[in-house]
Amino acid sequence: MNEVYKSYAIYLFYFYLQTINMGFYDLNKADRILLVEKITQEITNDLTSIETENIIKHFSDEDTYIRKTGYLAIGKLFYSKPELQPTILSTLQALLKLDASTTLTTSPEKVRQTVVNAAGEIGKFHFEKVQSFFDTGLFDEHHSVRNAVIGSVKKMGEKNPIPVLNWAKTYLKHPEKEIRREICHGIELRGRTHPQDILPLLKTLEFDETRRVSDTLIHVLGQIAYKNGCLKTVVAHLNTWKNKPLVEKALDEIIDVHDRYKKFAVLTQQEAIDYVDEHYNSK
């Protein structure tokens, strides 16, 4: 048994030497699987020994797929090893505070970005445990961290909509326009399959005077109207909106999306036009 373990350890060592300067998708499938196992084990070792060296190394990697492997590993460990949950949360909280003055890594923003993505994996089922990460990440100085908030809200809202959308609603009237825009964008994915869940939230932005916010609103309305049954729901709700000029722009976007995404849309563009003409009350 010791000889088998020794041989495997030697194999892993040579595997490490071969892959140290290679990107994730430069490797073949078998070696990618090995690399995922290696990263997961190193992160596990850090967590069990209350260290962060390997976590920071993987969370700050230049290869986005290495960072993704890192945050997916955190998500899996959170569910497979409940005894590590307090350590995982406290470690992520500490890493979210990293900046150029508190770490030796040259990419503290990548660490914070990956922390937010890891929190997003946890928030798919336990949003209350990680809400503070998004309250902080929304205001991060680096755009990549704020983008990670948007991406995480999308994936969490799809799986765990009630707490995530309740949280998002509190920011839709925030005085900072970028916060409103980011939240609007973040709730989009839930709306693609359940537009009725996000339309009341979107409606709070119908008179937003910021162009970037209204453009995002129009974009999201287009994105949630082309799948099965969604156009009916969206048009019915738009009939209750008061900002008719904005609704007209949104309907134009919806019609355009039915052409741009015609491989995925349930209706043809002409069918969408006919439906809007018949069911939207422009008066």
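Figured I'd write up the structure that's included with this text. (Residues numbered from 1 in each chain as written. Predicted model: local features only at pLDDT ≥ 70, side-chain atom pairs only at ≥ 80, totals over all residues. Heavy atoms only, no water.)

### So, the overall build of the protein chain
Secondary structure assignment for the protein chain yields 16 helices and 0 strands. Reported as C-alpha extents along the three principal axes, the dimensions of the protein chain are approximately 80 × 40 × 30 Å. Counting only residues that meet the buried cut, the protein chain has 50% of its 283 residues in that class. Roughly 14900 Å² of accessible area belongs to the protein chain as shown, and the carbon and sulfur atoms make up 53% of that amount. (Helix = DSSP H or I, 4+ residues; strand = E, 2+ residues; numbered from the N terminus. Buried < 20%, exposed > 50% of the residue type's maximum accessible area, 1.4 Å probe, protein only. Areas by Shrake-Rupley, 256 points an atom, 1.4 Å probe, with all protein chains shown as cover.)

### A closer look at the packing of helix H13 (residues 211–223) against helix H15 (residues 244–260)
One can describe the packing of H13 onto H15 by two numbers: an axis separation of 8 Å at closest approach and a directional angle of 45°. The orientation of H13 relative to H15 falls into the category oblique. For the pair H13 and H15, the crossing hand works out as right-handed. Together, Ser214, Leu217, Ile218, Leu221, Gly222 and Gln223 of H13 and Leu246, Lys249, Ala250, Glu253, Ile254, Val257 and Arg260 of H15 make up the contact between the two elements. Residues belonging to the contact of H13 with H15 are distributed by class as follows: 7 nonpolar, 3 polar and 3 charged. (Axes fitted to C-alpha atoms, helices over the stretch in contact; angles between N-to-C directions. Parallel < 35°, antiparallel > 145°, perpendicular 65-115°, else oblique. Left-handed = near helix turned anticlockwise from the far one by under 90°. Contact = heavy atoms within 4.5 Å. Nonpolar A, V, L, I, M, F, W, Y, C, P; charged D, E, K, R; others polar.)

### Quick word on a negative patch on the surface
A surface patch of like charges, here negative, comprises Glu271, Asp274, Asp277 and Glu278. Turning to its location among the elements, Glu271 is positioned in helix H16 (residues 269–279). (Patch = residues over 30% accessible without salt bridge, like charges linked within 9 Å, V, L, I, M, F, W, Y side chains within 5 Å. Salt bridge = Lys/Arg side-chain N within 4 Å of Asp/Glu carboxyl O. Lys, Arg positive; Asp, Glu negative; His and termini not counted. Charge placed at Lys NZ, Arg CZ, Asp CG, Glu CD.)

### A word on the packing of aromatic side chains
One pass over the structure, following the stated rule, counts 8 aromatic pairs. When the ring of Phe139 is compared with that of Tyr171, the centres are 6.3 Å apart and the planes differ by 55°; the resulting orientation is tilted. Placement of the pair is Phe139 in the loop between helix H7 (127–137) and helix H8 (143–159) and Tyr171 in the loop between helix H9 (161–169) and helix H10 (177–186), with a sequence separation of 32 residues. Judged by its relative accessible area of 11%, Tyr171 falls in the buried class. Ring geometry for Tyr226 against Tyr261: centres 5.2 Å apart, planes inclined by 80°, an arrangement best described as edge-to-face. Within this pair, whereas Tyr226 is found in the loop between H13 and helix H14 (230–238), its partner Tyr261 is found in the loop between H15 and H16, the two being separated by 35 residues in sequence. An aromatic cluster is present here, built from Phe127, Phe134, Phe139, Trp167 and Tyr171 joined pairwise through their rings. (Phe/Tyr/Trp six-rings, centres within 6.5 Å; stacked < 30°, edge-to-face > 60°.)

### Considerations on the nonpolar core
Membership of the largest hydrophobic core comes to 74 residues, with the highest contact counts inside it found for Phe134, Trp167 and Leu202. With sequence-adjacent residues up to four places away left out, Leu202 is seen in contact with Cys184, Ile187, Leu217, Val220, Leu221, Ile224 and Trp241. (Core = buried A, V, L, I, M, F, W, Y, C linked by side-chain atoms within 4.5 Å.)

### Quick notes on the environment of Pro200
Structurally, Pro200 can be placed in helix H12 (residues 195–203). Put simply, Pro200 and Trp241 are 41 residues apart on the chain and 10.0 Å apart in space, counted from C-alpha to C-alpha.

### What to know about the side chain of Glu206
Along the polypeptide, Glu206 turns up in the loop between H12 and H13. In this structure, Glu206 is in contact with Leu217, Trp241, Lys242, Asn243 and Leu246, ignoring residues within four places of it in sequence.

### Brief notes about helix H2 (residues 29–48)
For H2, which comprises 20 residues, the first-to-last C-alpha distance of 29 Å matches the rise-based estimate of 28 Å (1.5 Å per residue) to within 8%. Along H2, the positions that sit buried rather than exposed are Asp31, Leu34, Leu35, Lys38, Ile39, Glu42, Ile43, Thr44, Asp46 and Leu47. Between the side-chain oxygen of the N-cap and the backbone nitrogen of Ala30 there are 3.2 Å, and the N-cap of H2 in question is Asn28. One or two steps after H2, the chain reaches Ile50, where phi turns positive at roughly 55°. (Expected span 1.5 Å × (residues − 1). Polar contact = N/O pair within 3.5 Å; in protein donor to acceptor, adjacent residues only side chain to side chain.)

### With respect to H7
Within the span of H7, buried status applies to Phe127, Val130, Phe133, Phe134 and Gly137. Down the axis, H7 shows its buried residues gathered within 110° of arc, on one side only. (Arc of directions from axis to C-beta.)

### Digging into the pattern of salt bridges
Counted according to the given criterion, the structure contains 16 salt bridges. With a shortest N-O distance of 2.5 Å, Arg192 and Glu188 are connected by a salt bridge. In this pair, Arg192 and Glu188 both sit in helix H11 (residues 188–193), 4 residues apart, roughly one turn of the helix. Notably, a salt bridge pairs Arg211 with Asp215, separated by 3.0 Å at the nearest N-O pair. With Arg211 and Asp215 both in helix H13 and 4 residues apart, this pair spans about one turn of that helix.

### A few points about the environment of Val234
With respect to the element layout, Val234 can be found in helix H14. Using a relative accessible area of 0% as the deciding quantity, one classes Val234 as buried. Each C-alpha atom, one on Val234 and one on Val153, is 21 Å from the other, the two residues being 81 residues apart in sequence. Once residues within four sequence positions are removed from consideration, Val234 is found in contact with Pro195, Leu199, Ile224, Ala225 and Ile254.

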